[in-house]
Every structure is written in structure tokens, then in C-alpha cells.
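A look at the structure
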Amino acid sequence: MLTWSDRTDETGDGALAALAARLVPAGARVLLAGPHGPALLDALPHARITCLLRGYPDAAVLADRVDRVLVAGPHGLPAGEEYDVVIAGAGLDAVESVEGERLGWDGLLARLVAAVRPGGDLLLRLDNPLGVHRLVAAQSWYAGRGDAEWSVGGVLDAARPANLAQVRGRLAAAGMRTGTCYAGYPRPDLTTALLAVDELARRTTSGLFDAVLHAACTDGYTGRFVLADPARLAADALHAGRAADLAPSWLVLARRPAAEPTDHDEEPVGTAPDPVDTGDAAHRLPRSDRSAHPSAEVGGSDRLPVALLADATAGGTVVEVRDGPQGWHWHRTGIAVATASADAGLDAVHRDPDGTDGPVPDGRLLRSLLLDGCLRRDTALLRRLLRGYAGWLDGQAEQGQLAGAAALAGVDNVVVDGDRWAVLDRSWRAEAPLPVDVVLARTLWRFAAELLTGGYAHPWTSTLDVAGLTVVLGGVAGRDFDRAVVEAAMQPTAATAEPTDPPPGPRSYQQLREAWLRQREENTRLTALLKWTEDLLTSRERALRRAEAKINLLSGSLSYKVGRLAITPARMARRGARAAKRRARAAISSKQGGQQ
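Predicted model, so just to flag it, every value in this text is computed and none were measured. (Residues numbered from 1 in each chain as written. Predicted model: local features only at pLDDT ≥ 70, side-chain atom pairs only at ≥ 80, totals over all residues. Heavy atoms only, no water.)

What follows deals with the overall build of the protein. Within the protein one finds 18 helices and 20 strands. Sequence-distant contacts in the protein: of pairs separated by 6 or more residues, those separated by 24 or more amount to 68%. With an accessible surface of roughly 29900 Å², the protein has 53% of that area assigned to carbon and sulfur atoms. (Helix = DSSP H or I, 4+ residues; strand = E, 2+ residues; numbered from the N terminus. Contact = heavy atoms within 4.5 Å. Areas by Shrake-Rupley, 256 points an atom, 1.4 Å probe, with all protein chains shown as cover.)

What follows is the structure, encoded as C-alpha cells:
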């Protein structure tokens, strides 16, 4: 395909690149089937890379960066060639070319499986036809007429798998043993978070997963018009144990079983080179002992991380969450992603790269607990949570000042586990200490803005604005805030929000409709107020006209004229008396001055 290009978003392969860097051994032969971003190539400098593409422009760009480029789709892959790792991070649809015989999904899979050497790995991505991106899409998926939409992407094509179980079945039928599977969020064309499917189903109340899904879906759909809020849908799917089922894409790791060694062979033919030493115990074991180690299984839990997060503000690197003897812990990788300026809406903040190393605290996200209390009108729960949060902030302060990560510990970055409170991501830090009341007021203001602009039901009056609701939340937290305190706390951030505004992030039809309803109610209230004001002005104007008419009527009557004639001499006499009195005082004053 001489003029076709499959070039993808350069920021969408960070998590995949970090995973591939852990899987690919040093000196291994790697086949990249389909288009991949530059982050993946940068993560594999220790490997011998062959790219299988279908577009000549893409091949021309990569010719100087890899060992070999094959252009012609799956038919360009020589028969009999085997690789240690085959990566199809863009799916199989991006591999098949319109030139030559169409192989179909199973044919493409069989071709790639044949290219995996015994004991090698296949990393395959599959789009979910019932993912969050489909459920919130404003445009129907079946109406596309673009150049790239020549294949059916839904469940209508029975020749391709439509769920994760079917993918595993197809891989097993092709002779592959399926291992760890990841759910990719927020979109198929932009995967910034890879979350282990088994852990998503097991840890449905995880504050980490809750925060990651909300952040990924909010940032990934910002400025896009959608039917519903994808972040809310993803968080609800997590709590229902369906976050993996509604993932926009899946990334599946499968291994081709190694041939059984014969009596005269010391090890199987075509054994892959030793993996890169990344600090994992299995990678440092001798080859003879590796099969007995738990991580020798495909994608064993001791080998692969629980989550990989390509946060553009996380110091420019991909962050992993690993599961160890002491529980989950953060770990920074060496994979760089496109950086973005950090702006947390506060005075001066920075992202500390070392803050992404350490344990991941257990517990539920405070934001979700507060929303749950508001929706159920559970004022007792809200009082306990907000007072507990305020007390925890007091315990973190020194002389009434909060510094470091505690100064930025908002409701979306704090987890609660019984009576224990902890900051989820401690990498965000404030440059200067902040008073406790300022931190609490800002946190409550942001939560109040989310409640009102998001259209969430809550137990307080609907006529409150953001500042007024912040004052109410402060009272629930046991603090005597007033509007002046709230406005002073928010003044340096220049943050504004009105109850009739839509929430920031994706342009959700549901939330825009709620904002429109709030605006209609406000317009109705203002119209009623304007009508009342007009009626009051009209009545006052009528009363004034009646008074003027009476005055005019009285001023033209005979009694008014006679009275005016009678009063006039009295007024003149009074004026003369005043003048005589002034002259007498002046004379007396001059006489007294002469005697002296």
C-alpha cells in the first residue's frame, strides 16, 4: 500500500512499551506486527527488531530505526522465520493489507503464532466491541465511511472474537497458552492505563483502580462529545466487577509451549536468550531452575506488574504497580512518555519523581465514599467522613501548616481504610506550606463544584451556589467557614464554577442536558423575579401618579389659592423679622467692638 499510513498517536504506547521492556530478553529477536509508536522502539534498544507493516510511508520512517522492515502485510513475512517475542499492539486488523489474499482474523493469528518460536511469547491486543468507548460514543460505530474503516469492528463478524473468553479460546486452538491479560483504558487508540484483569475482578473497591480509571477516562475524553461520562461509567463498572468486561481494549500475553527436550538435548531447540535483569527473582535464576519458579508461568504475578500507568505528568516516565510480599507498591520504569506541564490549580506545585516509589495504601477512594453518601442522603456518613478528613489533616500539620504531599491531598487522592487515612499518590507536592483551613476549604470547594456541575443529588438545598455549598460542607466537617474565608482560600487559584456550568472534561450529553435543565430552572427563577420586580415597579409608579394627580388637583382648587394668599403675608413678615434680627446683631457687635 504505497500511499497508506497507519501512524498512531505518539503518546499512546507508553504502557505497552513498559510491558514489552519487561518481556523482551536481551538480544531477543522481536517482531512488531502492525503500527507502533516511537515509545515502543525506544524501550527495546537491547533487542533485534523486525517491523511488519502494510504501508510504505510508515516503512520509510522506520527504516533507519530497526534492523529490518517488511512491507506487504502478513504475506511479506517469510515462512519459517521465528521470533522470541511477537507484539501486535495495534491488533490484527492493522496487519492485514488490501493487497493480496485476505486471511481473516484466524488466518492472521495463525500466521503470527507460526512466527513465535517454541517458548516464545505473543503480545496481542484486541478491541472490545462493547467497551466504554462504544457505550459513550456520540456517533454510531456502524456508520463510519472513512478510508480506515473497511473491516467490521463490532460483533457482527462471527469470524473474530468478541470477548476475552473467545480470545483465549482462539489462542488455545492455535496452540498458545494464555497468561496475564490486561484491560486497556481509556480508548482503543490511546491506552494510558493497563490494569490486570484478574486484579480488577478481585479488587473491586480498590482506591487505586478507582482513581486510575477516573483520571484516565477524564483526561482521555477531554473536549470530546460523548453520550455519558466515561469516568463515571468506568468507576461504576469497577465497583460491579465489570471493569475488565467494559474495557475499550484487552492486551493478552500468550506463550507457545516449548518442545520437550530429548535425552541427548540439554535444552529445547530454539530457546530464547536470557531475559534482561530487571530485578525480578525469576530473571536471575539459571535456565534449569526457571521452570520451577512461579514467574515461569506465562505472565506470572511475580513477574508482571498489576498496573502500568503512562501519566504524562509523572516525571515523564511510566509508573508500575507491583505486587510483592508487603502488598502493592509503586515503581518507576525507565520508559519515557511525552511530558506535560503540571497544573494542579494551586499556588505552586511540582511532581517529585521519587514520590512514585513506595507502598500503595489500601482503602477506598474518599471521593467515591463522599459521592455515595450524597446520593443516598446519608448525612451521618458524610459527617463522619468529612470530620475524619479534617482531623486527619490536623494530624498531618505542623503548627497549623501542611507541607509536601499532604497539602495536595484532595478527595481524589486520599484513601480510607476503616480509621486509617493515607495519600494515594505522594508524588504531587506543594512548594510552600499551606494553612490547614486553606487546604480543607479548597478541597471542599472542588468537591462542591463537582457535585453541582456534575448534577449529583445531595441532601442540601438546591439553591446553593458553589461557595455556599462549600460553607455547608465546612460546617459538616466541624469548621466554621463563611463565604469570605472560602473566597480568600480560592482567590490565588483563579478557580470559578457556577451551578449552571457543565463539568470540566468530556462533553457528556447527559451532563450537558443536566446543565441545561439547571440553566432552565435558573432562567425560570430569574424570570419570576423579574416579573415580581416589574409588578412592584408598576404598582409604585401607579401610586406615584395618583399622588401627583391629587397634588395637581389640590393646587388648582379655590381653597388652595385662598390659603396661599393668606400664607404669603406671613411668610414676608417672617422674612422681614429675620432680616431685622440680623441687622440688630450686627449693630450690637460693632458697638461692642468700638467700646473696647
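Sheet topology places strand β2 (residues 48-53) next to strand β3 (residues 68-71); four bridges connect them, and they run parallel. Bridging across to β3, C51 finds its partner in V69. Chirality of the crossover, the property in question, places the unit of β2, helix α3 (residues 56-62) and β3 among those that are right-handed. (Pairing = 2+ DSSP bridges. Right-handed = clockwise from strand over helix to strand, strands pointing away.)

Our next topic: the packing of helix α12 (residues 366-375) against helix α13 (residues 379-396). The contact between α12 and α13 brings their axes to 9 Å, and the two run at 150 degrees. Compared by their axis directions, α12 and α13 come out roughly antiparallel. For the pair α12 and α13, the crossing hand works out as left-handed. Together, L366, L369, L370, D372, G373 and C374 of α12 and L381, L382, L385, L386 and Y389 of α13 make up the contact between the two elements. Class assignment for the residues of the contact of α12 with α13 results in nine nonpolar, one polar and one charged. (Axes fitted to C-alpha atoms, helices over the stretch in contact; angles between N-to-C directions. Parallel < 35°, antiparallel > 145°, perpendicular 65-115°, else oblique. Left-handed = near helix turned anticlockwise from the far one by under 90°. Nonpolar A, V, L, I, M, F, W, Y, C, P; charged D, E, K, R; others polar.)

With respect to the helices and strands, the residue T218 is situated in helix α8 (residues 207-220). At a separation of 2.7 Å, a polar atom in the side chain of T218 contacts the main-chain carbonyl oxygen of H214. Not counting residues within four places of it along the chain, the set of residues in contact with T218 comprises A231 and P506. (Polar contact = N/O pair within 3.5 Å; in protein donor to acceptor, adjacent residues only side chain to side chain.)

Below, the discussion takes up the sheet that holds strand β9 (residues 249-255). Spatial ordering of the open sheet is given by β3-β2-β1-β4-β5-β9-β6-β7-β10-β11-β12-β14, a layout of twelve strands whose pairing is mixed. The outermost strands of the open sheet, each flanked by one partner alone, are β3 and β14 (358-359). Pairing of strand β5 (residues 116-127) with β9, which is carried by seven bridges, proceeds in the antiparallel orientation. Paired with L122 across the two strands is A254, which belongs to β9. The strands touched by helix α6 (residues 164-173) within the sheet are β5, β6 (177-187) and β9, with β9 carrying the most contacts at an inclination of about 25 degrees.

Turning to the pattern of salt bridges, a few remarks are in order. Summed over the entire model, instances satisfying the criterion amount to 26 salt bridges. Salt bridges sharing common partners tie together R22, E320 and R322. (Salt bridge = Lys/Arg side-chain N within 4 Å of Asp/Glu carboxyl O.)

The grouping of R571, R574, R575, R578, R582 and R583 at the surface amounts to a positive patch. Looking at the element boundaries, R574 is found in helix α18 (residues 558-595). (Patch = residues over 30% accessible without salt bridge, like charges linked within 9 Å, V, L, I, M, F, W, Y side chains within 5 Å. Lys, Arg positive; Asp, Glu negative; His and termini not counted. Charge placed at Lys NZ, Arg CZ, Asp CG, Glu CD.)

It is at 8 Å that the axes of helix α14 (residues 436-453) and helix α15 (residues 466-476) come closest, and there the two elements cross at 125 degrees. Of the possible angle classes, the one that applies to α14 and α15 is oblique. α15 is crossed by α14, and the crossing has right-handed handedness. Judged by residue contacts, A441, L444, W445, F447, A448, A449, L451 and L452 of α14 engage V466, L469, T470, L473 and G474 from α15. Taken together, the residues of the contact of α14 with α15 break down into eleven nonpolar, two polar and no charged.

Glancing now at the packing of aromatic side chains. Each aromatic ring pair is summarised here by two numbers: the centre-to-centre distance and the angle between the ring planes. Overall, the coordinates contain three aromatic pairs when judged by the stated rule. Seen from their ring centres, F209 and W328 are 5.3 Å apart, and the 55 degrees between their planes marks the pair as tilted. Here F209, found in helix α8, pairs with W328, found in strand β12 (residues 327-336); they are 119 residues apart in sequence, far enough to count as distant. W328 shares its class with F209; the two are buried. Where Y389 meets W392, the ring centres are 6.3 Å apart and the plane angle is 25 degrees; that geometry is what we call stacked. (Phe/Tyr/Trp six-rings, centres within 6.5 Å; stacked < 30°, edge-to-face > 60°. Buried < 20%, exposed > 50% of the residue type's maximum accessible area, 1.4 Å probe, protein only.)

Strand order across the open sheet formed by three strands is β15-β17-β18, with antiparallel pairing between neighbours. Looking at strand neighbours, the two that pair on one side only are β15 (364-365) and β18 (420-423), the edges of this open sheet. By the bridge criterion, two bridges tie β15 to strand β17 (residues 414-417) in an arrangement that is antiparallel. Paired with R364 across the bridge in β17 is V416. Against the sheet, α13 makes contact with β17 and β18, and its axis sits at roughly 65 degrees relative to β18, the strand it touches most.

On to the nonpolar core. Membership of the largest hydrophobic core comes to 65 residues, with the highest contact counts inside it found for L122, L171 and Y185. Top contributing element to this core by residue count: α8, with seven residues. Apart from residues lying up to four places away in sequence, L171 is in contact with L109, L122, L124, M176, T178, V252 and A254. W460, L464, V486 and A489 belong to the second largest nonpolar core, which has 52 residues in total. (Core = buried A, V, L, I, M, F, W, Y, C linked by side-chain atoms within 4.5 Å.)

Extensive coverage of helix α1 (residues 14-23) is indicated by the burial of ten of its ten residues. When α1 is considered as a whole, its buried residues turn out to be G14, A15, L16, A17, A18, L19, A20, A21, R22 and L23.

Our next topic: α8. Between its first and last C-alpha atoms α8 spans 20 Å; for 14 residues at 1.5 Å apiece the expected length is 20 Å, and the two agree. When you tally the buried positions in α8, you get eleven out of 14 residues, the bulk of the element. Near the N-terminus of α8, the side chain that reaches the backbone nitrogen of L208, with its oxygen 3.3 Å away, is that of S206. (Expected span 1.5 Å × (residues − 1).)

A cluster of nonpolar side chains, contributed by L2, Y56 and V71, occupies part of the molecular surface with about 320 Å² of accessible area. In this fold, Y56 is placed in helix α3.

The next thing to look at is the pairing of β12. In this sheet, β12 lies alongside strand β11 (residues 317-324) in antiparallel orientation, the contact comprising seven bridges. Residue pairing in the sheet places R322 in a bridge with H329 of β12. Between β11 and β12, which pair antiparallel one after the other, the connecting turn spans two residues. Of the pairings in the sheet, the one linking β12 to β14 comprises two bridges and is antiparallel in character. Within β14, the residue paired with W330 across the bridge is G358.

Honestly, it's all geometry; don't read function into it.
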